[in-house]
Amino acid sequence: MIEFEIERCSRHCVVTGRELKPGEEYYTVLMDDGGQWRRLDYSIEAWQGPPDECVAWWRARIPPPSGTRKHWAPDDVMLHCFEELEGDAGRADFRYVLALLMMRRRILRLEQTERMPDGSERATFYCPKRDVSYTVPVVLPDEARLQALQEEIQRLFSGGAGRDAS
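Calculation criteria
Residues numbered from 1 in each chain as written. Predicted model: local features only at pLDDT ≥ 70, side-chain atom pairs only at ≥ 80, totals over all residues. Heavy atoms only, no water. Core = buried A, V, L, I, M, F, W, Y, C linked by side-chain atoms within 4.5 Å. Buried < 20%, exposed > 50% of the residue type's maximum accessible area, 1.4 Å probe, protein only. Helix = DSSP H or I, 4+ residues; strand = E, 2+ residues; numbered from the N terminus. Contact = heavy atoms within 4.5 Å. Phe/Tyr/Trp six-rings, centres within 6.5 Å; stacked < 30°, edge-to-face > 60°. Lys NZ or Arg CZ within 6 Å of the ring centre and 35° of its normal. pLDDT = per-residue confidence, 0-100. Axes fitted to C-alpha atoms, helices over the stretch in contact; angles between N-to-C directions. Left-handed = near helix turned anticlockwise from the far one by under 90°. Nonpolar A, V, L, I, M, F, W, Y, C, P; charged D, E, K, R; others polar. Pairing = 2+ DSSP bridges. Polar contact = N/O pair within 3.5 Å; in protein donor to acceptor, adjacent residues only side chain to side chain.

(A) Highlighting the nonpolar core. Ranked by internal contacts, the top residues of the largest apolar core, which has 33 residues, are M78, F94, L98, L108 and F157. Listing elements by their share of this core, those giving two or more residues are β3 (54–61), α1 (75–84), α2 (92–104), β5 (121–127), β6 (132–137) and α3 (143–157). Per-element accounting of this core gives the leading share, 8 residues, to α2. In this structure F157 touches L30, R39, H71, W72, A73, V77, M78, C81, F94 and L98, once residues within four positions along its chain are discounted. Counting residues in hydrophobic clusters, the runner-up holds 7 residues, among them Y27, L40, Y42 and C54.

Printed below as a string of structure tokens:
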């Protein structure tokens, strides 16, 4: 299993630049920026609704400073982004690592892995919430790429404090 080391988010409004305070509600949008995911956080007063080109959006709350629980994006947001990546060979490693994270969070269950005639592997994950199975190429990134993927996933889907990835 791949471990994710989670750092704190920046907690600043993308429009006003103002720091978002503990306990404050805010909105997050997820954008596809030329094949790279970009997360933008908005204060309540700066929010004017999701941009037309966003992939997903959600409302969250900055946790209190004493909180150690990680606050992830809603399961449906993660699943939607995961589904949007199907067939994108350039982001296959991102999709596989995201599937592993969702398996750890019990959004997906690993059903099987199989070796293909060409030597590649693919994994089949089941989503009980949607009653759907997904087949994902097993793309193991090297250490440098894995670190970059972990940071990207954390930046996009995490909005809380602490270092716990569960």
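After that view, the rundown keeps rolling.
(B) Representation of the packing of aromatic side chains in the model. Using the criterion set out here, one finds 5 aromatic pairs in the structure. Residues Y42 and W47 carry aromatic rings whose centres are separated by 5.4 Å and whose planes lie at 70° to one another, so their mutual orientation is edge-to-face. Both residues of the pair, Y42 and W47, belong to the buried class. Residue W47 is classed as buried on the basis of its relative accessible area, which comes to 15%. Here the aromatic residues Y27, Y42, W47 and W57 are joined through ring pairs into a cluster of three or more. One cation-aromatic arrangement involves R95 over F82; the distance from NZ or CZ to the ring centre is 4.1 Å.

(C) Main features of the confidence of the model for the chain. Looking at the chain, the pLDDT average stands at 83 and 86% of residues meet or exceed 70. Below a pLDDT of 50 lies the segment residues 1–8, which in the model reaches 33 contacts outside its immediate sequence neighbourhood of four places, other chains included. The low-confidence segment residues 160–166 (pLDDT under 50) makes 31 contacts with residues lying over four places distant or belonging to another chain.

(D) Structural detail: the packing of α2 against α3. Running from N to C, α2 and α3 cross one another at 65°; their axes reach a closest spacing of 10 Å. The two elements α2 and α3 meet at a crossing, and its hand is right-handed. Residues D93, F94, V97, L98 and L101 of α2 form the contact with α3, whose participating residues are R145, L146, L149, E152, I153, L156 and F157. Here the contact of α2 with α3 is composed, by residue class, of 9 nonpolar, no polar and 3 charged.

(E) Broad picture of the sheet that holds β5. Across the sheet, which stays open at both edges, the 3 strands sit in the order β4-β5-β6 with antiparallel pairing between neighbours. Each having just a single partner strand, β4 (109–115) and β6 make up the two edges of the open sheet. In this sheet, neighbouring strand axes are inclined to one another by 20° on average, regardless of whether the strands run parallel or antiparallel. As paired elements, β4 and β5 share 6 bridges and run antiparallel to each other. Pairing of Q112 across the sheet is with T124, part of β5. Along the sheet, α2 contacts β4, β5 and β6; its crossing angle with β6, the most-contacted strand, is approximately 135°.

(F) Highlighting the side chain of S43. The residue S43 is located in strand β2 (residues 36–43) in this model. A polar contact of 3.2 Å, which involves the side chain of S43, links it to the side chain of E45. Not counting the four nearest positions on each side in its chain, S43 is found in contact with C13, T16, R18, L20 and E24.

(G) The pairing of β2, seen in detail. Of all 8 residues that make up β2, 6 are buried, and the element is covered over most of its length. The pairing of strand β1 (residues 25–33) with β2 spans 8 bridges and is classified as antiparallel. Looking at β2, one finds that T28 is bridged to D41. Where β1 hands over to β2, the hairpin turn is made up of 2 residues, of which G34 adopts a positive phi near 65°.

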